[in-house]
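# Structural description and commentary
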2 protein chains.
Amino acid sequence: MNSSTLGVRQAQKQKTRQALLDAGLRLLEEQSLSSLGLREVTRVVGVAPAAFYRHFRDMADLGVALVEESLASLHVMIRAVLAEQADAEEVIDRSVEAVAAHVALHPAHVRFIARERHGGVRAVREAIAAELERFGDEVAQALATQEESHGWSAEDVRMLAGLYVDHLVMTASAFLEAGGAGAEEERRIADTARRQLRLISLGRRHWRDR
Amino acid sequence: MNSSTLGVRQAQKQKTRQALLDAGLRLLEEQSLSSLGLREVTRVVGVAPAAFYRHFRDMADLGVALVEESLASLHVMIRAVLAEQADAEEVIDRSVEAVAAHVALHPAHVRFIARERHGGVRAVREAIAAELERFGDEVAQALATQEESHGWSAEDVRMLAGLYVDHLVMTASAFLEAGGAGAEEERRIADTARRQLRLISLGRRHWRDR
DNA sequence: TGTACATCAGTGAACGCGCGTTCACTGATGTAC
DNA sequence: TGTACATCAGTGAACGCGCGTTCACTGATGTAC
């Protein structure tokens, strides 16, 4: 056994751990983390309740692990959008499409973040806040390199980045709630999101000549 | 006994009901509605568990009642801000001050709304969504009468109103989380909120000449 | 005003149930030689 | 390669506990006459 291939024992342990995370995420679609029980999770996975302790200290610990998992995929999506080189209008269209696609692909992850961002478990709230702050920093860094940000203070760029990140989370959870409501409602949400981004983009363009 | 003064019995019942709501709100500062127990609430109030059923069907029912209570005070605050006649910069300053004051005065109400807006109890989520939509409509109505909205479509005005309402909720919960972090952090949040509102206001001013 | 009866907010005991945590254990996997 | 021992992921039984809900009840308040 070398460092890149895990032994059979480690591999099996990882598998069980992932099964616990998957089961937790699934159960969290219909409740909050602070009411999710350890026995519920192990029952779904099909292991003894006590096995849980081989992987997590308690449910809050599992929640923090879910934060990392949930935001990793979002991170990839955001990077892709930021990397694009196109005019403002096109970036807006692509961003809204990317958010819609992300929600369709990872609804449980998005729901978990929206639900627990202000939820009842401190450790999880803090993990989400820290991660979203890193997102904001990353967006700010990308914005700073763009021509429209010439002459902006670092604080102003960060403020705009925060507005974008908040808008992203809002739009994602709007798509999520519309999940069952049909394509009509989804189009309405996408349309509103695009117009809001256009308005913000306009404000950005005129920021210098206030 | 006439219709305006309740009998002793009715008055006592109201008092107990309010005590249950107050206790629930207090207990929800450290957990989510979906994990709050009926017995916890009655224990704090000092009544028998079974007494709960004289007032609410279950905890979700109590939650819906808390939504109405929590948003009533916010409604009053928003109306006051909207009624103001002043230049944009002044309205922004007053709005952010009003939000900060509201959070300082009703922290538990704000926390409840932020937490349960995307929480695990459907009936409560829906009650909050419906109420925030009414807020949006009201803000839109106020915006429509302003000079800057001349030539705007109703849809565009409603889109802007939605942006303001979302920003309000975001800012309120940011103030809340900063609650214990000192005046420094609060000033930073107020400053960011003001700049974001200024940028949105700029976008609004240039919306027509896109 | 006084009396007889109706209402109903709150009681207290009881129920079955699922919870989180502990513990000594088992047996497959890993390691040393 | 084979053997003897160590490790440790997962087991299964047990524990005490608080939960939501039910029920017949009590006694203060309300109503009709």
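Everything below is about the structure printed above this text.
A short tour of the structure in this document, coming up. (Residues numbered from 1 in each chain as written. Chains lettered and ligands numbered in written order. Predicted model: local features only at pLDDT ≥ 70, side-chain atom pairs only at ≥ 80, totals over all residues. Heavy atoms only, no water.)

## Here we look at the overall build of chain A
The test is simple: Where helices and strands are cited, they refer to DSSP runs of H or I of at least four residues and of E of at least two residues respectively, numbered from the N terminus. Note on classification: 1.4 Å probe, protein chains only; a residue is buried when its accessible area is under 20% of the maximum for its type, exposed when over 50%, partly exposed between these limits. By definition in these notes, contact holds between two residues if any of their heavy atoms fall within 4.5 Å.
Helix and strand counts for chain A stand at eight helices and zero strands. Reading chain A from its N terminus to its C terminus gives the helix and strand order α-α-α-α-α-α-α-α. Principal axes of the C-alpha set define a box for chain A whose edges measure 65 × 45 × 30 Å. Per-residue burial for chain A yields a buried fraction of 50% across its 210 residues. Pairs at least 24 apart in sequence give 66% of the contacts found in chain A among residues at least 6 apart.

## A closer look at the relation of the copies chain B and chain A
The criterion, for reference: Superposition of the copies used a least-squares fit over C-alpha atoms from residues whose pLDDT is at least 70 in both.
Taken as rigid bodies, chain B and chain A are interconverted by a rotation of 180° and an axial shift of 0.0 Å, the fit giving an RMSD of 0.0 Å. When the rotation and shift are considered jointly, the pair of chain copies conforms to a two-fold rotation axis. No C-alpha of chain B lies nearer the rotation axis than that of B:G203, which sits 1.8 Å from it. Looking at the interface residues of chain B, 100% of them are also at the interface in chain A, so both copies use one shared face.

## A word on the pattern of salt bridges
Selection rule: Only one rule defines a salt bridge in this text: a Lys or Arg side-chain nitrogen within 4 Å of an Asp or Glu carboxyl oxygen.
Taken as a whole and judged by the stated rule, the model has 30 salt bridges over all chains. A salt bridge links A:R188 to A:E185, with the nearest nitrogen and oxygen atoms 3.2 Å apart. Taken together, the positions of A:R188 and A:E185, both in helix α8 (residues 182-205) and three residues apart, correspond to about one turn of that helix. For A:E185, a relative accessible area of 25% gives the class partly exposed. Of the charged contacts, one joins A:D191 and A:R195 as a salt bridge, the two residues approaching to 3.2 Å between their closest N and O atoms. Note that A:D191 and A:R195 are positioned in helix α8 at a spacing of four residues, about one turn of the helix. You can call A:D191 partly exposed: its relative accessible area is 29%. The network of salt bridges with common partners includes A:E155, A:D156, B:D191, B:R194 and B:R195.

## Examining the protein's contact with DNA strand C
Stated precisely, the cut-off is as follows: We define proximity as follows: a residue is near a molecule or strand when any one of its heavy atoms falls within 4 Å of that partner. In protein, a polar contact means a hydrogen-donor-capable atom and an acceptor-capable atom, both N or O and within 3.5 Å, with residues adjacent in sequence counting only if both atoms are side-chain atoms; elsewhere, any N or O pair within 3.5 Å suffices. Classification used: nonpolar for Ala, Val, Leu, Ile, Met, Phe, Trp, Tyr, Cys and Pro, charged for Asp, Glu, Lys and Arg, polar for all others including Gly.
Every one of the 21 residues lining DNA strand C counts as a neighbour, but A:R43, A:Y53, B:R9, B:T16 and B:H55 are closest to it. For DNA strand C, the backbone makes up 48% of the atoms found within 4 Å of the protein, where backbone means sugar plus phosphate. Note that a phosphate oxygen of DNA strand C is positioned 2.5 Å from one of the side-chain N or O atoms of A:Y53. Take B:A48: an N or O atom from its main chain is 2.6 Å from a phosphate oxygen of DNA strand C. When residues of the surface near DNA strand C are traced back to their parent elements, those giving at least two are α1 (8-27) and α2 (38-45) of chain A together with α1 (8-27) of chain B. Taken together, the residues that form the surface near DNA strand C break down as eight nonpolar, five polar and eight charged.

## Observations concerning the interface of chain B and chain A
So the rule is basically this: By convention, the term buried area covers the 1.4 Å-probe accessible surface removed from two parts as they join, with the contributions of both added.
The interface is formed by 36 residues belonging to chain B together with 36 residues belonging to chain A. Approximately 3,200 Å² of surface area, both sides summed, lies buried where chain B meets chain A, with 63% of it carried by carbon and sulfur atoms. Looking only at chain B, the three residues that lose the most surface to chain A are B:H118, B:R195 and B:L199, adding up to 22% of its buried area. Our count for the chain B to chain A interface comes out at four salt bridges. For the salt bridge of B:D156 with A:R195, the shortest nitrogen-to-oxygen distance reads 2.7 Å. Between chain B and chain A we count 16 residue pairs in polar contact (both at pLDDT 80 or more) in total. It is helix α7 (residues 154-177) of chain B that provides the largest number of residues to the side of chain B that touches chain A, a total of 11 residues. Looking at the side of chain B that touches chain A residue by residue, the class counts come to 10 nonpolar, 14 polar and 12 charged.

## Points about the protein's contact with DNA strand D
Taken together, the neighbourhood of DNA strand D is formed by 22 residues, with A:R9, A:T16, A:H55, B:R43 and B:Y53 sitting nearest. Restricting the count to atoms of DNA strand D within 4 Å of the protein gives a sugar and phosphate share of 48%. The contact in question runs from a phosphate oxygen of DNA strand D to an N or O atom on the backbone of B:L38, over 2.8 Å. At a separation of 2.5 Å, a phosphate oxygen of DNA strand D approaches a polar side-chain atom of B:R43. For the surface near DNA strand D, the secondary structure elements donating two or more residues are α1 of chain A together with α1 and α2 (38-45) of chain B. A breakdown of the residues in the surface near DNA strand D according to their chemical character gives nine nonpolar, five polar and eight charged.

## Some thoughts on α2(B)
All names here are of chain B. Worth spelling out the cut-off: The arc in question is traced by the directions running from the helix axis to the C-beta atoms.
Along α2, the positions that sit buried rather than exposed are L38, V41 and T42. Angular distribution of buried residues about the axis of α2 spans 90°; they occupy a single face of the element. Of the exposed residues in α2, those oriented more than 90 degrees away from the buried face are R39 and R43. Those residues of α2 that are buried lie in contact with α1 and α3 (59-83). Looking at the residues trailing α2, positive phi occurs at G46, about 90°.

## Thoughts on the side chain of A:E116
All names here are of chain A. Position of E116 among the secondary structure elements: in helix α5 (residues 107-116). Of the polar contacts made by the side chain of E116, one reaches the backbone nitrogen of L33; its length is 2.9 Å. Apart from the residues within four sequence positions on either side, E116 is in contact with S32, L33, V124, R125 and I128.

## Description of the packing of α3(B) against helix α4 (residues 88-105) of chain B
Residue and element names in this part refer to chain B. The criterion, for reference: Axis definition: a line fitted to C-alpha atoms, over the contacting stretch in the case of helices. Angles run 0 to 180 degrees between N-to-C directions. Note on terminology: angles under 35 degrees are roughly parallel, angles over 145 are roughly antiparallel, angles of 65 to 115 are roughly perpendicular, and the others are oblique. Crossing handedness is read from the near helix: turned anticlockwise from the far helix by less than a right angle, it gives a left-handed crossing, and turned clockwise, a right-handed one.
Interhelical geometry of α3 versus α4 gives an angle of 160° and a closest axis separation of 10 Å. Relative to α4, α3 is oriented roughly antiparallel. The crossing of α3 and α4 is right-handed. On the side of α3, the interface is formed by S73, L74, M77 and V81, while α4 contributes S95, A98, V99 and H102. Residue composition of the contact of α3 with α4, grouped by class: five nonpolar, three polar and no charged.

These figures capture arrangement, not role.
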